[in-house]
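# Understanding the architecture of this molecule
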Amino acid sequence: MKKLRIGIIGCGAIGSRIAIECSDRLSGIFDLAGLCDVDDDKIAALNVSLKKKARALRLDELIKEVDIVVEASSAMASADILERCIKNNRDCLIMSVGGLLGNESLLSDAEAAGVKVYIPSGAVCGIDALKGASVGKVESVTLTTRKPPRGLEGAPYLVRNNIDLKLINSETTLFEGSAEEAIRGFPANVNVSAVLSLAGIGAKNTRVRIVTSPAYTKNVHEVEIVGDSGRITTKTENIPSKDNPKTSALAICSAIATLEGIARSVRIGT
Ligand SMILES: NC(=O)c1ccc[n+]([C@@H]2O[C@H](COP(=O)([O-])OP(=O)(O)OC[C@H]3O[C@@H](n4cnc5c(N)ncnc54)[C@H](O)[C@@H]3O)[C@@H](O)[C@H]2O)c1
């Protein structure tokens with residue numbers, strides 16, 4: 001089997017784990033052809049953990065050198081990265097899904113260009129059911145996200161509204177609104193709301209509630225989908241990644257499973 005050349009943009013919690021898997025357990029199906037990060041130290045630190053060192057490449061160099069680009073950087077960068085992938089006819093897996101909201105036309109541009117865009121289900125379960133339900137009529141999609149304060153630190157919505165997470169001492173609803181507003185206010189915290197939006201009824205119609213409490217230890221996502229195929233409720237209790245408490249461990253595993261699905265001919269549940 002020909003190995004897929006993979007390039008990773010963003011060497012944080014998600015990118016690092018994917019790189020480590022590609023250079024070890026998945027080295028039979030992937031060739032880790034390059035790493036890119038705005039912070040050179042992140043690439044150097046990651047290379048220390050890799051069985052086979054990967055080259056540090058600039059963004060455009062990396063896109064040209066690989067078969068598939070993995071974006072694991074930031075919502076500020078993901079639309080630009082996808083646009084460059086489309087121009088260079090490279091398939092792309094996007095983790096910073098929030099950055100695609102408002103840029104949905106890129107997905108049709110990719111389709112027209114024959115570029116495959118992969119969006120893993122990430123830290124939430126039920127995307128498969130939402131896609132199925134969307135073949136019929138979906139009336140509502142509601143996400144309730146519960147995260148410990150450290151999983152929400154630095155969110156623009158909190159800064160804008162002078163909300164000090166250290167002063168919160170009981171269960172508190174911080175935000176209620178559309179997924180479009182949620183991603184603007186919490187770009188690094190509720191990518192799942194963007195995944196749900198793209199799989200279902202869009203960012204304007206998908207409802208989001210964000211709740212925190214110092215007693216929480218997990219990132220919990222509850223989804224309720226109501227449509228003409230019935231009522232679906234899912235609950236995912238995620239262990240936060242030890243490298244980035246905003247990111248759930250399952251989101252990292254979901255990206256790796258998606259990549260394995262791309263490389264292998266047998267795919268289960270996709
Ligand atoms: N889809 C999902 O379910 C899901 C779940 C968790 C996180 N995410 C998103 O995935 C992305 C990565 O998450 P993470 O936990 O690895 O974050 P992280 O903060 O641990 O790492 C991000 C890395 O990207 C680098 N970076 C930032 N901007 C960059 C740019 N323009 N070009 C190149 N490198 C850049 C940073 O220096 C850092 O090393 C984030 O945007 C996060 O919000 C998505």
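Look up: the structure comes first, before these words.
Residues numbered from 1 in each chain as written. Predicted model: local features only at pLDDT ≥ 70, side-chain atom pairs only at ≥ 80, totals over all residues. Heavy atoms only, no water.

So, on to the overall build of the protein chain. Each helix and strand counted, the protein chain has 10 helices and 10 strands in total. Over its C-alpha trace the protein chain gives a radius of gyration of 18 Å, about what one expects of a compact globule, namely 18 Å for 270 residues. In terms of its C-alpha atoms, the protein chain occupies a principal-axis envelope of roughly 50 × 45 × 30 Å. Within the span of the protein chain, comprising 270 residues, buried residues form 50% of the whole. Taking all contacts inside the protein chain whose residues are at least 6 apart in sequence as the whole, residues at least 24 apart take part in 70%. Summing over all exposed atoms, the protein chain offers an accessible surface of approximately 13100 Å²; the carbon and sulfur share of this is 50%. Placing the 34 positive and 32 negative side-chain charges of the protein chain at their respective mean positions leaves the two points 3 Å apart. (Helix = DSSP H or I, 4+ residues; strand = E, 2+ residues; numbered from the N terminus. Rg over C-alpha atoms; globule rule 2.2 N^0.38 Å. Buried < 20%, exposed > 50% of the residue type's maximum accessible area, 1.4 Å probe, protein only. Contact = heavy atoms within 4.5 Å. Areas by Shrake-Rupley, 256 points an atom, 1.4 Å probe, with all protein chains shown as cover. Lys, Arg positive; Asp, Glu negative; His and termini not counted. Charge placed at Lys NZ, Arg CZ, Asp CG, Glu CD.)

Here the focus is helix α4 (residues 78-87). Among all positions in α4, only Ser78, Ala79, Ile81, Leu82, Cys85 and Ile86 are buried. Buried residues of α4 fall within an arc of 160° about the axis and therefore sit on the same side. Tucked into the core, α4 has its buried residues touching β1 (4-9), α3 (59-65), β3 (68-71), β4 (91-94), α5 (105-113) and β5 (117-118). Backbone geometry just downstream of α4 places Asn89 in the positive-phi region, at approximately 60°. (Arc of directions from axis to C-beta.)

This part takes up the nonpolar core. As a rule of thumb, nonpolar side chains are buried together in soluble globular proteins. Ile18, Leu32, Leu35, Phe186 and Leu259 are the most contacted members of the largest nonpolar core, which has 63 residues in total. Looking at which element gives the most residues to this core, the answer is helix α10 (residues 249-263), with seven residues. Each of domain 1 (4-122 + 250-263) and domain 2 (127-246) contributes no fewer than three residues to this core. In contact with Phe186, not counting residues within four places along its chain, are Leu152, Ala155, Tyr157, Leu158, Phe175 and Ile210. (Core = buried A, V, L, I, M, F, W, Y, C linked by side-chain atoms within 4.5 Å. Domains from an automatic or database assignment.)

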